[in-house]
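So the chains spell out like this:
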Amino acid sequence: MLQEESDISLIIAQIVQKLKGSNLYAQLERQAWGSWEKRILKSLNSMCTELSIPLARKRPAGDQKELLNKWNEMGTDEPDLSLFRPVYAPKDFLEVLINLRNPNYENGDSLSFRTHLGLIQVPLKVKDIPELKECFAELGLNTGQLGIDDSTQVPPELFENEHVRIGQKVLAEQDSAAAQQYIRQGSPTALRAELWALILNISSQPEDILYYEQLKTNVIQHDLLVDSLIYKDVKLTASNDDYYFVFEDYLYQVLLCFSRDTSVLSHFAYNSASPPKSYIRGKLGLEEYAVFYPPNGVIPFHGFSMYVAPLCFLYHEPSKLYQIFREMYVRFFFRLHSISSHPSGIVSLCLLFETLLQTYLPQLFYHLREIGAQPLRISFKWMVRAFSGYLATDQLLLLWDRILGYNSLEILAVLAAAVFAFRAVNLMEVTSLAAAEAVLADLSTLKVMPLLQIFLFATVT
Amino acid sequence: MSRVSVPCHVKGTVALQVGDVRTSHGRPGVLVIDVTFPNVAPFELQEITFKNYYTAFLSIRVRQHTSMHTPAKWVTCLRDYCLMPDPHSEEGAQEYVSLFKHQSPSMTFPKWLSHPVPCEQPVPLLEGLPDPSRVSSEVQQMWALTEMIRASHTSTRIGRFDVDGCYDLNLLSYT
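Each chain has its residues counted from 1, following the order in which its sequence is written. Key to labels: chains lettered from A, ligands numbered from 1, both in the order written. A pLDDT threshold of at least 70 governs which residues receive local features in this predicted model, and a stricter bar of 80 or more applies before side-chain atom pairs are shown or counted, although totals over entire chains, interfaces and linings include all residues. For the side-chain quantities, the full set of heavy atoms in the structure was used; hydrogens and water were omitted.

**Focus on the overall build of chain A**
The condition that has to hold: The helix count covers DSSP runs of H or I at least four residues long, the strand count covers runs of E at least two residues long, and both are numbered beginning at the N terminus. Here the globule rule reads 2.2 Å times residues to the power 0.38, and the radius of gyration is calculated from C-alpha atoms. Remark: exposure states derive from per-residue accessible area (1.4 Å probe, protein chains only) relative to the maximum for the residue type, with buried under 20%, exposed over 50%, and partly exposed in between. Should any heavy atoms of two residues lie within 4.5 Å, those residues are counted as being in contact. Charge convention: Lys and Arg are scored as positive, Asp and Glu as negative, and His as well as the terminal groups of each chain are ignored. Note on charges: their place is set at NZ of Lys, CZ of Arg, CG of Asp or CD of Glu.
For chain A, the count of helices and strands is 20 helices and 4 strands. Taking 461 residues into account, the globule formula puts the C-alpha radius of gyration at 23 Å, and chain A, at 23 Å, falls close to it. With the principal axes as the frame, chain A shows a C-alpha extent of 65 × 65 × 60 Å. Going through the 461 residues of chain A one by one, you find that 56% of them count as buried. Look at the contacts in chain A between residues 6 or more apart in sequence, and 77% of them connect residues 24 or more apart. Counting 40 positive and 51 negative side-chain charges, chain A places the averaged centre of each group 6 Å from the other.

Given below as structure tokens:
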């Protein structure tokens, strides 16, 4: 008995350790992350003092009534947001990642062939193409894919009809694990909303709708500075996008409620970041008046609303849209803007991208470095946003199918490398960073699945 | 069974080098840490816990006295136990590690007394695939544990973020 107990406690200890993301508490991350978080806090505080606006306040009764009335058309509002600025943009975050150093890393005084030529200097373990082929086996040349084998030239009897039939069966059985396996080959458009909900374990119960209504009440009652940041972000990004501007009102309804949702705080148990803290006015230092700000602990950055926008194509009922987004955030998206050594964390994705490029497209990588166009400087923004706003929506949804199917964000780094591979000929001819950016500015015509398939399975290595 | 930590004295690390001369270029890959248990009555060691810092492999050797008349013997109880699957990357580099008695050949560690060990046999550490029935019973017990945790967890469905209805804040705190 004793033996089994100690076996189990060892296994549990190991699992807990892995769940904590073993290196989340590593010294280097704590230091880098600590100073980055402090910068964000300072930025927000200085905005408060400059604009003489409190972080949070109770909304006057008249304003509450007005907001309730125009809840479904907040986009028509044109508040003066000129003085607000985003707390940070992806490129600021990239600078922090570039400066991460491993305290125990010694690569000698002289440059050797093992020196990192890319921007990321932390030696994390990333997969190479043979390992990726094994990991993403269902994307292989011999397996049917939506995004490739459902094109108009291919008769639907060959793959598409059967795939749809299987999808309907999976939904009928309400089998979440089967859905996750199934969606690796892509989801039919008609089934996607239900499949994602099944995989994310979202079912709209009456209490979920009530919960959303309670969040809405919180938005009405309290006015947060973060709300203005959200407004500004939506106006700057989604509203300017041809595909997403129609969903502007939905975005406010989701993001304002998201900021008030304290259940999001639980994801900080496995996130290396910590939620910002504040004290009720006049009670500075008194722990019983300490609160988190914003209530969900997440400060939005420039482009944050693009995590929500694609979901608006799938879900039209606000509380369901909200639940789906929240689950996607606490499972995946938070890893794209926090520092950790997790394989799906943004640091690993950046290193995976750079390593793939350096290993399999060495000439291109070297050329771009020589002209001062480090590839990561161009691809970083794609990965941080999970390609939202850069790809056509149908392609983006096919990509996010695979994120759900493989429960990993590594596909973002592979796609980024595949895009560079696809445009390699043009890129070899450019002579400046600006010209390289121009070659890669428009991804809206790209077909995601063929690119991934060719890069992983059809490139001679 | 309650667990009590045993006071021990951990000496500084000593690098193992070939030859007498300390070269400034050579960076030895093997370091030795001596741990002694002064002034402690005979005890049964159950577990060793430590935090790793970029060590890839660990070996543990124990010096045991046999009877009065034979000299003390060094016995290996752990050889090349892998702490970092890839020494050149981060995984496992700063993890907390617990090593249990059952991972070494069954022995107790009374203070300088011994159980005779037939011959020095390094423990087969990489056991290959575990026994399926054992794994399934362990998984079942783990599942039971998680169910217990889930049942006892009081889910406050709608969390309050304000204090008595008040959420007036001026600035963020840096501490």
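**Re the packing of aromatic side chains**
Aromatic ring pairs are defined here through the distance separating the ring centres and the angle between the ring planes. Residues and elements named next belong to chain A. Note the threshold: Any pair of Phe, Tyr and Trp rings, taking the six-membered ring for Trp, is counted once the centres come within 6.5 Å. Such a pair is stacked with planes under 30 degrees apart, edge-to-face with planes over 60 apart, and tilted for the rest. A positively charged side chain is recorded as over a ring if its NZ (Lys) or CZ (Arg) lies within 6 Å of the ring centre. The angle to the ring normal must also be within 35 degrees.
Across all of its chains, the model carries 31 aromatic pairs over all chains by this definition. Geometrically, the ring pair formed by Phe136 and Tyr406 is edge-to-face, given 4.7 Å between the ring centres and 80° between the ring planes. Linking Phe136 in the loop between helix H5 (129-135) and helix H6 (160-173) with Tyr406 in helix H16 (residues 393-406), this pair joins segments that are 270 residues apart in sequence. With respect to class, Phe136 is no different from Tyr406; both count as buried. Over the ring of Tyr289 we find Lys283; its NZ or CZ atom is 5.0 Å from the centre of that ring.

**Structural notes on the environment of A:Ala436**
All names here are of chain A. Its place among the elements puts Ala436 in helix H19 (residues 433-439). When the C-alpha atoms of Ala436 and Pro60 are compared, they prove to be 51 Å apart, with 376 residues separating the residues in sequence. Not counting residues up to four positions away in its chain, the partners in contact with Ala436 are Leu368, Ala373, Ile378, Leu427 and Val430.

**A word on a nonpolar patch on the surface**
Rule in force here: Residues form patches when they are more than 30% accessible in relative terms and have no salt bridge. Like charges link within 9 Å. Nonpolar side chains (Val, Leu, Ile, Met, Phe, Trp, Tyr) link within 5 Å. We get accessible surface area from the Shrake-Rupley algorithm with a probe of 1.4 Å; when it comes to residues, only the shown protein chains can shield them. Take a side-chain nitrogen of Lys or Arg and a carboxyl oxygen of Asp or Glu: if they are within 4 Å of each other, that pair is a salt bridge.
A cluster of nonpolar side chains, contributed by B:Val10, B:Ile33 and B:Val35, occupies part of the molecular surface with about 250 Å² of accessible area. For B:Ile33, the position within the fold is in the loop between strand E3 (31-32) and strand E4 (35-36).

**Thoughts on the side chain of A:Ser239**
By the element assignment, A:Ser239 lies in the loop between helix H10 (225-236) and helix H11 (248-259). Those residues in contact with A:Ser239, other than ones at most four positions away along the chain, are A:Val234, A:Phe245 and A:Glu248.

**Re the packing of helix H15 (residues 375-384) of chain A against helix H17 (residues 410-422) of chain A**
Residues and elements named next belong to chain A. The cut-off we apply is this: For helices, the axis comes from a line fit to the C-alpha atoms of the stretch in contact; other axes are also lines fit to C-alpha atoms, and the angle between any two N-to-C directions lies between 0 and 180 degrees. Any angle that falls under 35 degrees is termed roughly parallel, while one over 145 is termed roughly antiparallel, one within 65 to 115 roughly perpendicular, and all others oblique. Crossing handedness: left-handed means the near helix sits turned counterclockwise from the far one by under a right angle, and right-handed means the same turn made clockwise. Note on residue classes: Ala, Val, Leu, Ile, Met, Phe, Trp, Tyr, Cys and Pro are nonpolar, Asp, Glu, Lys and Arg are charged, and everything else, Gly too, is polar.
Following both chains from N to C, one finds H15 and H17 inclined at 130°, their axes separated by 10 Å at the closest point. In terms of their interaxial angle, H15 and H17 are classed as oblique. Our pair here, H15 against H17, has a crossing hand that is right-handed. From H15, Pro375, Ile378, Ser379, Trp382 and Met383 reach across to H17, where they touch Leu412, Ala413, Ala416, Val419 and Phe420. Its residues placed into classes, the contact of H15 with H17 shows 9 nonpolar, 1 polar and no charged.

**What about the side chain of A:Arg385?**
All names here are of chain A. Structurally, the position occupied by Arg385 is in the loop between H15 and H16. Although Arg385 is buried, it makes no salt bridge; Asp233 carries the closest opposite charge, 6.4 Å away. Setting aside residues no more than four positions away along its own chain, Arg385 makes contact with Thr237, His302, Gly303, Met306, Tyr307, Tyr390 and Trp400.

**Topic: unusual backbone geometry**
Following A:Tyr293, the chain continues to A:Pro294 via a peptide bond in cis, the omega torsion being -10°. The backbone of A:Phe387 sits at a positive phi, close to 65°, despite the residue not being glycine. Along the chain, A:Phe387 falls in the loop between H15 and H16. In this structure, B:Asp80 is a non-glycine residue whose phi angle is positive, near 55°. Looking at the secondary structure, you find B:Asp80 in strand E7 (residues 73-82).

Purely geometric stuff here, so don't read any function into it on its own.
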